Amino acid sequence: MIRIGTREIGDGAPCWVIAELGINHSGDLATALRMIEAAKEAGADIVKFQKRTVELAVPRDQWDVPRETPWGGVMPYIDYKRRLEFGRAEYDAIDRHCRLFNIPWFASAWDPPSVEFLLNYDLPAIKIPSACVTDLELLQAARTTGLPVVMSTGMSTAAEVTRAVAQVTLTGEEFHYPSGSVQRRDWSRLVLLHCRSTYPAAYGELNLAAIRTLADEYPVPVGFSDHATGLWMSLCAVALGACVIERHFTLDRSSWGTDQAASVEPRGLAQLVRQIRNFEQARGDGRIGPTASEAPVRAKLRRIP
């Protein structure tokens, strides 16, 4: 179990539900603020944004590729990404709004300068997106913040996940034994999220059993970043042991944008949170025996004690 902000994650603690606002706000601050309010009302535990230094995050050969936009017309891809990106003024407003509505926030950092930017705020964690699992410089920057790191594993091989986990958890200290030295790891600040980086993700490719594989391999909380349509796969993931669920969130799935189809609206998020909490009550402790409410039924129907 680890602590992120005021929440304990893992080992029987309530599932931590992340509403991923991402870029579904299309660069409009007013929309982002309404999304924060809607996510809070739906029961999300935290909202998440994405922070990029656009010139670093977008490959140079894609800068001038024409891109349709939610604002109408076509513009170079680099300009489209710049317009989606929030700066200090917008994040100051987001930070105030989250405090007003009593819901924490954090963000995916896509590059080391974005990690540095996010340190302007009292965030409970840093997210590493699936696209950046192999960026060792970014992983080191995230580790040196001292904040918990939540890392998605979409598109990754087992070897890539192992290397990324080592980059985040190795402390540089060594234990010395007669048989040799072992590097010390700090497992107290890492959460792994199984993920498929397609939008939406096909059910046949989700491989939810990998949640258990990750939990068996690494002594850290494991969750699921769900890009599938509907709510069932998130619920199944919780039943399989996921202690974190991340869902892309939007006010309207018919809005323009590549993430919208894999997102849930406020009503869907509220239903998801409600069903997760229902499952947590139903899961129980596994002990065999009658409940208190069964006592009068037992007395009435059992002819043989």
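Structural data are supplied above this passage.
This is a predicted model, so every value here is computed, not measured.

Reading guide: rules and limits
Every chain's residues receive numbers from 1 upward, in the order its sequence appears when written. Restriction of local features to residues with pLDDT of at least 70 applies here, the model being predicted, together with a cutoff of 80 or more for giving and counting side-chain atom pairs; totals for whole chains, interfaces and linings are based on all residues. Values shown for side chains rest on all heavy atoms present in the structure; no hydrogens or waters enter the calculation. Only runs of H or I of at least four residues qualify as helices and only runs of E of at least two qualify as strands under DSSP, and these elements are numbered from the N terminus. As a reference, a globule follows 2.2 Å times the number of residues to the power 0.38, and the radius of gyration itself is taken over C-alpha atoms. We call a residue buried when its accessible area falls under 20% of the maximum for its residue type, exposed when it is over 50%, and partly exposed in between, using a 1.4 Å probe and counting protein chains only. Two residues qualify as a contact provided that any one of their heavy atoms is within 4.5 Å of a heavy atom in the partner residue. Charge convention: Lys and Arg are scored as positive, Asp and Glu as negative, and His as well as the terminal groups of each chain are ignored. To locate a charge, take NZ of a lysine, CZ of an arginine, CG of an aspartate or CD of a glutamate. We define the nonpolar core as a collection of buried residues of types Ala, Val, Leu, Ile, Met, Phe, Trp, Tyr and Cys that are connected through side-chain atoms lying within 4.5 Å of one another. Using only the protein atoms, space was sampled on a 1 Å grid; points where a 1.4 Å probe fits but cannot get out form cavities, open sets with protein on both sides within 12 Å along at least five of seven lines form pockets, and lining residues are those with an atom within 4 Å of a point. Grid points are joined across faces, edges and corners, and a volume is the space filled by probe spheres set on the points. Here the nonpolar group is Ala, Val, Leu, Ile, Met, Phe, Trp, Tyr, Cys and Pro; Asp, Glu, Lys and Arg are the charged ones; every other residue, Gly included, is treated as polar. When DSSP finds two or more bridges between two strands, those strands count as paired. For a crossover, the right-handed case is the one in which the path from the first strand over the helix to the second runs clockwise, viewed with the strands pointing away from the viewer.

A.B. asks: With reference to specific residues and values, describe the overall build of the protein chain.
C.D. replies: Across its full length, the protein chain holds 11 helices and 14 strands. Here the C-alpha radius of gyration of the protein chain, 21 Å, is about what a compact globule of 305 residues would show, namely 19 Å. Referenced to the eigenvectors of the C-alpha coordinate spread, the extents of the protein chain come out at roughly 80 × 60 × 40 Å. By residue count, 47% of the 305 residues in the protein chain fall in the buried class. Counted over contacts in the protein chain with a minimum sequence separation of 6, partners at least 24 positions apart contribute 62%. Within the protein chain, the 36 negative side-chain charges are centred at a point lying 8 Å from the centre of the 34 positive side-chain charges.

A.B. asks: Report on the nonpolar core, specifying residues and quantitative values.
C.D. replies: By size, the foremost hydrophobic cluster in this structure holds 68 residues, and its most contacted members are V47, F49, W105 and L269. Looking at this core element by element, the count peaks at seven residues for helix α1 (residues 29-42). Ignoring any residue separated from it by four or fewer positions in sequence, one finds V47 in contact with A19, L21, I36, A39, C98, I103, P104, W105 and F106. If you look at the next biggest cluster of nonpolar residues, it comprises 13 residues, including I2, I4, W16 and A125.

A.B. asks: Lay out the layout of surface pockets with the relevant residues and their values.
C.D. replies: Put simply, the largest pocket is a space of about 580 Å³. Q50, R52, W110, A131 and Y199 are the residues nearest the centre of the largest pocket, which is lined by 30 residues in total. Those elements giving two or more residues to the lining of the largest pocket turn out to be β4 (46-51), α3 (77-84) and β14 (244-248). Top contributing element to the lining of the largest pocket by residue count: α3, with three residues. Class assignment of the residues belonging to the lining of the largest pocket gives a composition of 12 nonpolar, 10 polar and eight charged.

A.B. asks: Give a detailed account of the pairing of strand β3 (residues 16-22), specifying residues and quantitative values.
C.D. replies: With seven of seven residues buried, β3 is to be regarded as a mostly interior element. What you see with β3 is no split at all: W16, I18, E20 and G22 on one side and V17, A19 and L21 on the other are buried throughout. In this sheet, β14 lies alongside β3 in parallel orientation, the contact comprising five bridges. Directly across from I18, in β14, lies its bridge partner E246. Bridge analysis of β3 against β4 gives four bridges, and the strand direction is parallel. When the sheet's bridge partners are listed, I18 is paired in β4 with I46. Following the backbone out of β3, through α1 and into the adjacent parallel β4, one traces a crossover that is right-handed.

A.B. asks: Talk me through empty space enclosed by the protein; I want residue IDs and the actual numbers.
C.D. replies: Counted by the stated rule, this structure contains two cavities of 30 Å³ or more. Of the residues that constitute the lining of the largest cavity, the class distribution is four nonpolar, three polar and three charged. Looking at the second largest cavity, its volume works out to about 40 Å³. What lines the second largest cavity is I23, N24, S26, Y80, L84, W256, G257, T258 and D259. Split into classes, the residues belonging to the lining of the second largest cavity amount to four nonpolar, four polar and one charged.

A.B. asks: Before we move on, could you go through the environment of F249 and cite the residues and values that matter?
C.D. replies: The topology assignment puts F249 in the loop between β14 and α10 (266-283). The exposure class assigned to F249 is buried, which follows from its relative accessible area of 0%. For the pair formed by F249 and I36, sequence separation is 213 residues and the distance between their alpha carbons is 9.8 Å. Among all residues touching F249, those that are not within four sequence positions of it are A19, E20, L21, N24, M35, A38, A39, S263, V264, E265, P266 and L269.

A.B. asks: Please give an account of the environment of L272 that cites residues and values.
C.D. replies: Tracing the sequence through the fold places L272 in helix α10. In this structure the C-alpha to C-alpha distance between L272 and C243, which are 29 residues apart in sequence, comes to 14 Å. With sequence-adjacent residues up to four places away left out, L272 is seen in contact with L231, S234, L235, I245 and R247.

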